[in-house]
Amino acid sequence: MMTENQDNVLTIEELAVYLKISKSSLYKLAQKGEVPGQKVGKHWRFRRDIIDQWLADSQTPSKRK
């Protein structure tokens, strides 16, 4: 079934809406490697499951002393 796989892959526009940030901010984060994604040709693609895990991990308070 292709639709499940297609729904798992987000474009930069879709991810910007999902994260509720501007596309320009997301481009900057992606180019710096701060958000997990990959470039396919000229276009960025993001896996929803990896983004969800990244969000979960980044919300975990880290206490380094």
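Residues numbered from 1 in each chain as written. Predicted model: local features only at pLDDT ≥ 70, side-chain atom pairs only at ≥ 80, totals over all residues. Heavy atoms only, no water.

Observations regarding the side chain of asparagine 8
Logical step 1: By secondary structure assignment, the location of asparagine 8 is in helix α1 (residues 2-8).
Logical step 2: A polar contact of 3.3 Å, which involves the side chain of asparagine 8, links it to the backbone nitrogen of aspartate 49.
Logical step 3: Apart from residues lying up to four places away in sequence, asparagine 8 is in contact with Phe46, Arg47, Arg48 and Asp49. (Helix = DSSP H or I, 4+ residues; strand = E, 2+ residues; numbered from the N terminus. Polar contact = N/O pair within 3.5 Å; in protein donor to acceptor, adjacent residues only side chain to side chain. Contact = heavy atoms within 4.5 Å.)

Side note on the packing of helix α2 (residues 12-19) against helix α4 (residues 48-58)
Logical step 1: Contact pair α2 / α4: the axes reach a minimum separation of 12 Å and the direction vectors enclose 35°. By crossing handedness, the relation of α2 to α4 is classed as right-handed. Here α2 contributes Leu15, Tyr18 and Leu19 to the contact with α4, which in turn contributes Arg48, Ile51, Asp52, Trp54 and Leu55.
Logical step 2: A class-by-class count of the residues in the contact of α2 with α4 yields six nonpolar, no polar and two charged. (Axes fitted to C-alpha atoms, helices over the stretch in contact; angles between N-to-C directions. Left-handed = near helix turned anticlockwise from the far one by under 90°. Nonpolar A, V, L, I, M, F, W, Y, C, P; charged D, E, K, R; others polar.)

With respect to the nonpolar core
Looking at soluble globular proteins, one finds that nonpolar side chains tend to be buried together.
Logical step 1: By size, the foremost hydrophobic cluster in this structure holds ten residues: Leu10, Ile12, Leu15, Ala16, Leu26, Ala30, Val35, Trp44, Phe46 and Ile51.
Logical step 2: Looking at this core, the elements that each hand over two or more residues are α2, α3 (23-32) and β3 (43-47).
Logical step 3: Residue contributions to this core peak at three residues, all from α2.
Logical step 4: Sequence-distant contacts of leucine 15, defined by excluding residues within four places in its chain, comprise Leu10, Leu26, Val35, Phe46 and Ile51. (Core = buried A, V, L, I, M, F, W, Y, C linked by side-chain atoms within 4.5 Å. Buried < 20%, exposed > 50% of the residue type's maximum accessible area, 1.4 Å probe, protein only.)

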